[in-house]
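# Breakdown of the fold
For reference, the chains in residue letters:
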Amino acid sequence: MDSRQLTAESVPLFQEGIGLLLSRWSVLQLAVQNEWGGRDSCRKAELLFSDVFSFFNNSKEPLCIDDLENILEESLLSLNTMAEDGGIISSLDWFKAC
């Protein structure tokens, strides 16, 4: 088993952590609440959750923070918004702490 692969017991905890971090990211929450990405804005946020989880749990390559930054940026672009106030960098710091 890959040392990065989560155990069955840790998966729900890690998913909860990702959910908490994303729920506290104000630009993401504003984009979803105001449907800046259209009627499927909520679905786009759910896809971000899935992409972040997959990044950490399913990557065969060494993790690169730039790849995570790209995931976050692409998600915001799909919601027709950008984080110009350092929001992505702050989010990356949250994920580094994981």
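Residues numbered from 1 in each chain as written. Predicted model: local features only at pLDDT ≥ 70, side-chain atom pairs only at ≥ 80, totals over all residues. Heavy atoms only, no water.

### A look at the packing of helix 3 (residues 41-58) against helix 4 (residues 65-78)
Condition: Every angle, taken between N-to-C directions, lies between 0 and 180 degrees, and every axis is a line fitted to C-alpha atoms, over only the stretch in contact when it is a helix. What counts as a helix is a DSSP run of H or I of at least four residues, what counts as a strand is a run of E of at least two, and both are numbered from the N terminus. Here is the rule for angles: anything less than 35 degrees is roughly parallel, anything more than 145 is roughly antiparallel, 65 through 115 is roughly perpendicular, and the remaining ranges are oblique. Residues are treated as being in contact if the distance between any of their heavy atoms lies within 4.5 Å. Throughout this entry, Asp, Glu, Lys and Arg are counted as charged residues, while Ala, Val, Leu, Ile, Met, Phe, Trp, Tyr, Cys and Pro are counted as nonpolar. The remaining residues, Gly among them, count as polar.
Interhelical geometry of helix 3 versus helix 4 gives an angle of 170° and a closest axis separation of 10 Å. If you check the angle between helix 3 and helix 4, you find them roughly antiparallel. Taking contact as the criterion, the partners of Lys44, Leu48, Asp51, Val52, Phe55 and Phe56 in helix 3 are, on helix 4, Asp67, Leu68, Ile71, Leu72, Ser75 and Ser78. The class makeup of the residues in the contact of helix 3 with helix 4 is seven nonpolar, two polar and three charged.

### Side note on unusual backbone geometry
A positive phi angle, near 55°, is found at glutamate 35, a position not held by glycine. With respect to the secondary-structure elements, glutamate 35 resides in the loop between helix 2 (26-33) and helix 3.

### Describing the pattern of salt bridges
The criterion, for reference: Note on definitions: salt bridges are taken to be side-chain nitrogens of Lys or Arg within 4 Å of carboxyl oxygens of Asp or Glu.
Using the criterion set out here, one finds two salt bridges in the structure. As a salt-bridge pair, lysine 44 and aspartate 40 come within 3.7 Å of each other at their nearest N and O atoms.

### Observations concerning the packing of aromatic side chains
Defined as follows: Stacked, tilted and edge-to-face pairs are distinguished by plane angle, under 30 degrees for stacked and over 60 for edge-to-face with tilted covering the rest, among Phe, Tyr and Trp rings (Trp via its six-membered ring) whose centres lie within 6.5 Å. Type-normalised accessible area, obtained with a 1.4 Å probe on protein chains alone, sets the label of each residue: buried when under 20%, exposed when over 50%, and partly exposed for intermediate values.
For the structure shown, the criterion picks out three aromatic pairs. When the centroid spacing of 5.0 Å and the interplanar angle of 80° are considered together, the rings of phenylalanine 55 and phenylalanine 56 count as edge-to-face. Accessibility classification places phenylalanine 55 together with phenylalanine 56 in one group, the buried group. Cluster of aromatic residues (ring-pair linked, three or more members): Phe14, Phe53, Phe55 and Phe56.

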